[in-house]
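This is what each chain is made of:
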Amino acid sequence: MINIINNILSSNGYKQIGIEAPFNNQAFYLFCLPEESKREEYFVTIQLQTQSDAAAQALQEEKAQELFETISNSGKVDRPFEKNCTMLICHEEDRISRQTILALEEDQYNFKKNVITYTPHELANLESHLSDSGIEKITNKVINEIINSEGGRNFLTFKNDHINSKGYYSLILKAELKLPFITYSPQEHQLTNLNDEIKNSLDPYQSSIYSQLIESETEWTDDNIHQQVAKIWGELV
């Protein structure tokens, strides 16, 4: 899962900073915006080798602070890192409790923390979807296209049965909600032609009246409105 999140970061303008982790039982990466960016924002992605509730609790209680100090003292980050870094924790859904997730995300000490949960099926389904669709870079645009796919029907299906909707769609939604740099853009529906819609709803007699009203070049005023209406209706009687 961490590879997916790293792909999203890299595909949306973040660059990876090489740094050694203080311990070996986890996958860990550091990202920041390029120097030319006006924002100084950092992200740490992490996936524990041992996927368990106890390991997630240990991350909150001690490992996160060790990692924070290692990065702060590495000489590879600037001062804003200490107040503007979010840790993105990838964790299997069935191996972490809701209580531990809340404890991690409510703990603002050292990093801000967002937990992105997934199931092996969701992950495999997403990887298959990306491969089948020829998607190599998971950009903001790609994420929006997935969310808005099938004219919004996929979202309605998920909304109506989110408990049983476990696939690439549910995983993309969960990730999008935990990534503050991803912005959702609702699907643009093609506006209907109001004039055609009105015409199609009228019978032939009403349509003739409507056409004359629309095509009339006479300026309608309070003084001539009755005369104009009588003229148009009179021609059709």
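Computed from a predicted structure; not experimentally measured.

J.: Please clarify how the overall build of the protein chain should be interpreted in this entry.
T.: Helix and strand content of the protein chain: 10 helices and five strands. With 237 residues in all, the protein chain has 39% of them scored as buried. In the protein chain, of all internal contacts separated by at least 6 residues, the share reaching a separation of at least 24 is 67%. Summed over its atoms, the accessible surface of the protein chain is roughly 14,500 Å², and 47% of this surface lies on carbon and sulfur atoms.

J.: What am I meant to see in the packing of helix α6 (residues 153–160) against helix α7 (residues 168–178) here?
T.: When two helices pack together, their arrangement is given by the angle between their axes and by how far apart the axes lie. Direction vectors running N to C along α6 and α7 enclose 85°, while the axes themselves pass 11 Å from each other. Here α7 runs roughly perpendicular to α6, going by the angle between their axes. Between α6 and α7, the residues in contact are Asn154, Phe155 and Phe158 and Tyr168, Tyr169, Ser170 and Leu173, respectively. Across the contact of α6 with α7, the residue classes tally to five nonpolar, two polar and no charged.

J.: I would appreciate a short explanation of the packing of helix α4 (residues 120–132) against α7 in the present structure.
T.: Close contact between α4 and α7 brings their axes to 8 Å; oriented N to C, the two are set at 100°. The orientation of α4 relative to α7 falls into the category roughly perpendicular. Residues Glu122, Leu123, Asn125, Leu126 and His129 of α4 lie in contact with α7, whose contacting residues are Tyr168, Ser170, Leu171, Ile172 and Lys174. The residue inventory of the contact of α4 with α7, partitioned by class, reads five nonpolar, three polar and two charged.

J.: Hey, could you run me through the sheet that holds strand β3 (residues 42–48) in this one?
T.: Backbone hydrogen bonds are what pair the strands of a sheet, in a parallel or an antiparallel way. The five strands lie next to each other as β1-β2-β3-β4-β5, forming an open sheet whose pairing is mixed. Two strands lie at the open edges of the sheet, namely β1 (15–17) and β5 (112–118), each paired on one side alone. Taken pair by pair, the neighbouring strands of this sheet meet at an average axis angle of 30°, ignoring direction. Sheet analysis places β1 next to strand β2 (residues 26–32), joined by three bridges and oriented antiparallel.

J.: Help me understand the pairing of β3, please; the structure alone is not making it clear to me.
T.: Within a regular strand, side chains alternate between the sheet's two faces. For β3, the buried fraction is high: seven of the seven residues fall into the buried class. Side-chain alternation along β3 places Tyr42, Val44, Ile46 and Leu48 on one buried face and Phe43, Thr45 and Gln47 on a second face that is also buried. Bridging between β2 and β3 involves seven bridges; their strand directions are antiparallel. In the strand pairing of β3, Cys32 is matched with Tyr42. Judged from the five bridges that link them, β3 and strand β4 (residues 85–92) form a sheet pairing that is parallel. Across the sheet, residue Ile46 finds its bridge partner in β4, namely Ile89. Chirality of the crossover, the property in question, places the unit of β3, helix α2 (residues 53–72) and β4 among those that are right-handed.

J.: Just to check I follow, could you spell out a negative patch on the surface for this structure?
T.: A grouping of Glu35, Glu36, Glu40 and Asp78 is seen on the molecular surface, where their side chains present a negatively charged patch. Structurally, the position occupied by Asp78 is in the loop between α2 and β4.

J.: What should I look at first to understand the nonpolar core in this one?
T.: When a protein is soluble and globular, its nonpolar side chains tend to lie buried together. In this structure, Met1, Ile4, Ile5, Ile8, Leu9, Leu179 and Phe181 are the most contacted members of the largest nonpolar core, which totals 31 residues. Ignoring any residue separated from it by four or fewer positions in sequence, one finds Ile8 in contact with Ile138, Ile143, Leu179, Phe181 and Ile182. Counting 27 residues, the second-largest nonpolar core is a separate cluster that includes Phe28, Val44, Leu59 and Ile71.

Here is what the cut-offs are and how they apply
- Residues numbered from 1 in each chain as written.
- Predicted model: local features only at pLDDT ≥ 70, side-chain atom pairs only at ≥ 80, totals over all residues.
- Heavy atoms only, no water.
- Helix = DSSP H or I, 4+ residues; strand = E, 2+ residues; numbered from the N terminus.
- Buried < 20%, exposed > 50% of the residue type's maximum accessible area, 1.4 Å probe, protein only.
- Contact = heavy atoms within 4.5 Å.
- Areas by Shrake-Rupley, 256 points an atom, 1.4 Å probe, with all protein chains shown as cover.
- Axes fitted to C-alpha atoms, helices over the stretch in contact; angles between N-to-C directions.
- Parallel < 35°, antiparallel > 145°, perpendicular 65-115°, else oblique.
- Nonpolar A, V, L, I, M, F, W, Y, C, P; charged D, E, K, R; others polar.
- Pairing = 2+ DSSP bridges.
- Right-handed = clockwise from strand over helix to strand, strands pointing away.
- Patch = residues over 30% accessible without salt bridge, like charges linked within 9 Å, V, L, I, M, F, W, Y side chains within 5 Å.
- Salt bridge = Lys/Arg side-chain N within 4 Å of Asp/Glu carboxyl O.
- Lys, Arg positive; Asp, Glu negative; His and termini not counted.
- Charge placed at Lys NZ, Arg CZ, Asp CG, Glu CD.
- Core = buried A, V, L, I, M, F, W, Y, C linked by side-chain atoms within 4.5 Å.

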